[in-house]
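Descriptive analysis of the structure
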Amino acid sequence: KSYKYKLKPNEDQILLLNKHFGCVRFAYNYFLNERKKEYETNKQSLNYYDNSRSLTELKKTDQYSWLNEVNSQSLQVSLKNLDGAYNGFFKKRTKFPKFKSKKSKNSFTIPQSVKLKNGKLRIPKFKDPIDLILSRSFNGKIKQCTISKTATNEYFVSILVETEHHK
């Protein structure tokens, strides 16, 4: 089950959140372009593991060292999303993946190490926990969270919780 809450980040946290949005979008677009080029030149298709290996090498270069400032698992999730979109296209379920725009919905997913304590959200790469408006409580183990930014510069977190269903 998923629960959505409004975040109240401070200035430093807003800066780091925006870096996350930008880096995740960059990784998606960069590797979508790589996949297109590979297919056009060699008629070969790259997969998630190829992209993940390339991302690791990319982060070691001086030109792209800024990718180390954000949570690496969020970058990997964007590669998995790209892989899903690409595979959906080749299985004729969806249209060809589009490049992500800064103007469209900004979001990134944190697949693990998410903690919620005393009305504050703790996520990797953030020194201080982020305040949030805990409008309702939940029970269960946190599986992942997705942080999003609206066009009006409001920040939200959607927390996916593992729950047991009783019949």
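From a predicted model like this one, the values you see are computed outputs, not experimental measurements.

1. Description of the overall build of the protein chain
Along the protein chain, the regular secondary structure elements total three helices and seven strands. Counting helices and strands in the order they occur from the N terminus, the protein chain gives β-α-α-α-β-β-β-β-β-β. Evaluated residue by residue, the protein chain yields a buried proportion of 36% over its 167 residues. Intrachain contacts of the protein chain at a sequence separation of at least 6 include 68% that bridge at least 24 residues.

2. Some words on the nonpolar core
Nonpolar side chains tend toward joint burial in soluble globular proteins. Within the largest apolar cluster, 38 residues are counted, with the highest numbers of intra-cluster contacts made by Leu121, Ile123, Ile147, Val157 and Ile159. For this core, the secondary structure elements donating two or more residues are strand 1 (2-8), helix 1 (11-42), helix 2 (48-60), helix 3 (72-90), strand 2 (106-110), strand 5 (130-133), strand 6 (141-149) and strand 7 (155-162). Among the elements that line this core, the one with the most residues is helix 1, at nine residues. Excluding residues within four positions of it along the chain, Ile123 makes contact with Ile110, Ser113, Val114, Ile130, Cys145 and Ile147.

3. As for the sheet that holds strand 1
Sheet architecture is open: seven strands sit in the order 2-6-7-1-5-4-3, paired in antiparallel fashion. Across the chains shown, the open sheet's two edge strands, defined by having one partner strand only, are strand 2 and strand 3 (115-117). Sheet twist, expressed as the mean angle between neighbouring strand axes with direction ignored, is 35 degrees. As defined by bridge partners, strand 4 (residues 120-122) adjoins strand 5 across two bridges and the pair is classed as antiparallel.

4. A few points about the packing of aromatic side chains
The description of an aromatic ring pair rests on the distance of the ring centres and on the angle between the ring planes. The tally for this structure, following the rule as stated, stands at 13 aromatic pairs. Between Tyr30 and Tyr64, the ring centres sit 5.9 Å apart and the planes meet at 65 degrees, which makes this aromatic pair edge-to-face. Separated by 34 residues along the polypeptide, Tyr30 in helix 1 and Tyr64 in the loop between helix 2 and helix 3 bring together distant segments of the chain. For Tyr30, a relative accessible area of 23% translates into the label partly exposed. Taken together through their ring pairs, the aromatic side chains of Phe26, Tyr30, Phe31, Tyr64 and Trp66 make up a single cluster. Here the basic side chain of Lys4 rests over the ring of Phe156, its NZ or CZ set 5.1 Å away from the ring centre. Just above the ring of Tyr86 sits the side chain of Arg35; from NZ or CZ to the centre is 4.9 Å.

5. Quick word on the packing of helix 2 against helix 3
Put simply, helix 2 and helix 3 touch, their axes get as near as 10 Å, and they point 145 degrees apart. For the crossing formed where helix 2 meets helix 3, the hand is right-handed. From helix 2, Tyr48, Asn51, Ser52, Leu55 and Lys59 reach across to helix 3, where they touch Ser72, Leu75, Gln76, Leu79, Lys80, Leu82 and Asp83. Here the contact of helix 2 with helix 3 is composed, by residue class, of five nonpolar, four polar and three charged.

About the thresholds
- Residue positions are counted from 1 within each chain, in the order its sequence is given.
- Local features in a predicted model are, by the rule used here, given only for residues with pLDDT of at least 70; side-chain atom pairs are given and counted only at 80 or more, and totals for whole chains, interfaces and linings are based on all residues.
- Side-chain calculation: all heavy atoms of the structure are included, whereas hydrogens and water are not.
- Helix and strand assignments follow DSSP, with helices taken as H or I runs no shorter than four residues and strands as E runs no shorter than two, numbered in order from the N terminus.
- Remark: exposure states derive from per-residue accessible area (1.4 Å probe, protein chains only) relative to the maximum for the residue type, with buried under 20%, exposed over 50%, and partly exposed in between.
- Here a residue-residue contact requires only that any non-hydrogen atoms of the pair lie within 4.5 Å.
- For this analysis, a nonpolar core means a set of buried residues of the types Ala, Val, Leu, Ile, Met, Phe, Trp, Tyr and Cys, connected via side-chain atoms within 4.5 Å.
- Strand pairing follows a simple DSSP-based rule, namely that at least 2 bridges must link the two strands.
- Lines fitted to the C-alpha atoms define the axes, with helices restricted to the stretch that makes contact. Angles between their N-to-C directions range from 0 to 180 degrees.
- Aromatic pairing here means that ring centres of Phe, Tyr or Trp (its six-membered ring) are within 6.5 Å. Orientation follows from the plane angle: under 30 degrees is stacked, over 60 is edge-to-face, and everything else is tilted.
- Charge-over-ring contacts are defined here by two conditions on Lys NZ or Arg CZ: a distance within 6 Å of the ring centre and an angle within 35 degrees of the ring normal.
- Definitions for this section: a left-handed crossing has its near helix turned counterclockwise from the far helix by less than a right angle. A right-handed crossing has that turn clockwise.
- In the scheme used here, Gly and all other residues not listed as nonpolar or charged are polar, with Ala, Val, Leu, Ile, Met, Phe, Trp, Tyr, Cys and Pro taken as nonpolar and Asp, Glu, Lys and Arg as charged.

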